[in-house]
Amino acid sequence: MKIYISGPITNDPDFMQKFANAEAEIITAGYEPVNPARHELPEGATWADYMRQDLKLLCDCDGVYMLENWQESKGAKIEHQLAQDLGLKIFYKLKI
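Residues numbered from 1 in each chain as written. Predicted model: local features only at pLDDT ≥ 70, side-chain atom pairs only at ≥ 80, totals over all residues. Heavy atoms only, no water.

J.: Explain the overall build of the protein chain residue by residue, including any values.
T.: Counting its secondary structure elements, the protein chain contains three helices and four strands. Along the chain direction, N to C, the helices and strands of the protein chain fall in the order β-α-β-α-β-α-β. At 12 Å, the protein chain has a C-alpha radius of gyration in line with the 12 Å of a compact globule built from 96 residues. With the C-alpha coordinates of the protein chain rotated into their principal frame, the extents come out at 35 × 30 × 20 Å. By the burial criterion, 38% of the 96 residues in the protein chain qualify as buried. Counting only contacts in the protein chain whose residues sit at least 6 apart along the sequence, the fraction spanning at least 24 positions is 65%. When the accessible surface of the protein chain is split by element, carbon and sulfur atoms take 53% of a total near 6,000 Å². Treating the 10 positive side-chain charges of the protein chain as one cloud and the 15 negative ones as another, the clouds have centres 4 Å apart. (Helix = DSSP H or I, 4+ residues; strand = E, 2+ residues; numbered from the N terminus. Rg over C-alpha atoms; globule rule 2.2 N^0.38 Å. Buried < 20%, exposed > 50% of the residue type's maximum accessible area, 1.4 Å probe, protein only. Contact = heavy atoms within 4.5 Å. Areas by Shrake-Rupley, 256 points an atom, 1.4 Å probe, with all protein chains shown as cover. Lys, Arg positive; Asp, Glu negative; His and termini not counted. Charge placed at Lys NZ, Arg CZ, Asp CG, Glu CD.)

Next up, the structure:
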């Protein structure tokens, strides 16, 4: 099962570590992570460019893993809605 990682990226200096931690959790759970933070675009790429790429990645997955504070991210909210509309399994990061 391929699981896409979704959460705040813009204005979060620690997003790479948070996405890497989620990736490790998904692997430990026996699933294949899809980490959009690892898919770089050329310098100058816009938010829309990243969203186009990320939504394509999401569409090829079986589920999505929503990180903490995903509700504060415009992109994560779009990804969450698309996952719901596509009937994907949605997992939520628990606040510890």
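J.: Break down the pattern of salt bridges for me, with residues and values.
T.: Taken as a whole and judged by the stated rule, the model has four salt bridges. With a closest N to O distance of 2.8 Å, K93 and E25 form a salt bridge. In this pair, K93 is assigned in the segment after β4 (89-92) and E25 in helix α1 (residues 15-28), connecting sequence segments 68 residues apart. One salt bridge connects D49 with R52, and the closest N-O pair in it is separated by 3.5 Å. (Salt bridge = Lys/Arg side-chain N within 4 Å of Asp/Glu carboxyl O.)

J.: Tell me what's going on with the pairing of strand β3 (residues 63-66), and back it up with residues and numbers.
T.: In β3, alternate side chains face the same way, and those of G63 and Y65 on one face and V64 and M66 on the other are all buried. In this sheet, β3 lies alongside strand β1 (residues 2-6) in parallel orientation, the contact comprising four bridges. The partner of S6 across the bridge, within β3, is M66. One ladder, built from four bridges, connects β3 with β4; its direction is parallel. Residue pairing in the sheet places V64 in a bridge with I90 of β4. Each parallel crossover has a hand, and the one from β3 via helix α3 (residues 74-86) to β4 is right-handed. (Pairing = 2+ DSSP bridges. Right-handed = clockwise from strand over helix to strand, strands pointing away.)

J.: Break down helix α2 (residues 47-59) for me, with residues and values.
T.: The end-to-end C-alpha distance of α2, which contains 13 residues, comes to 18 Å, matching closely the 18 Å that a straight helix rising 1.5 Å per residue would cover. Within the sequence span of α2, burial applies to M51, Q53, D54, L57 and L58. Projected down its long axis, α2 carries its buried residues within an arc of 170°, all on one side. Those residues of α2 that are exposed and angled more than 90 degrees off the buried face are R52 and K56. Buried residues belonging to α2 abut β1, β2 (32-34), β3 and α3. (Expected span 1.5 Å × (residues − 1). Arc of directions from axis to C-beta.)

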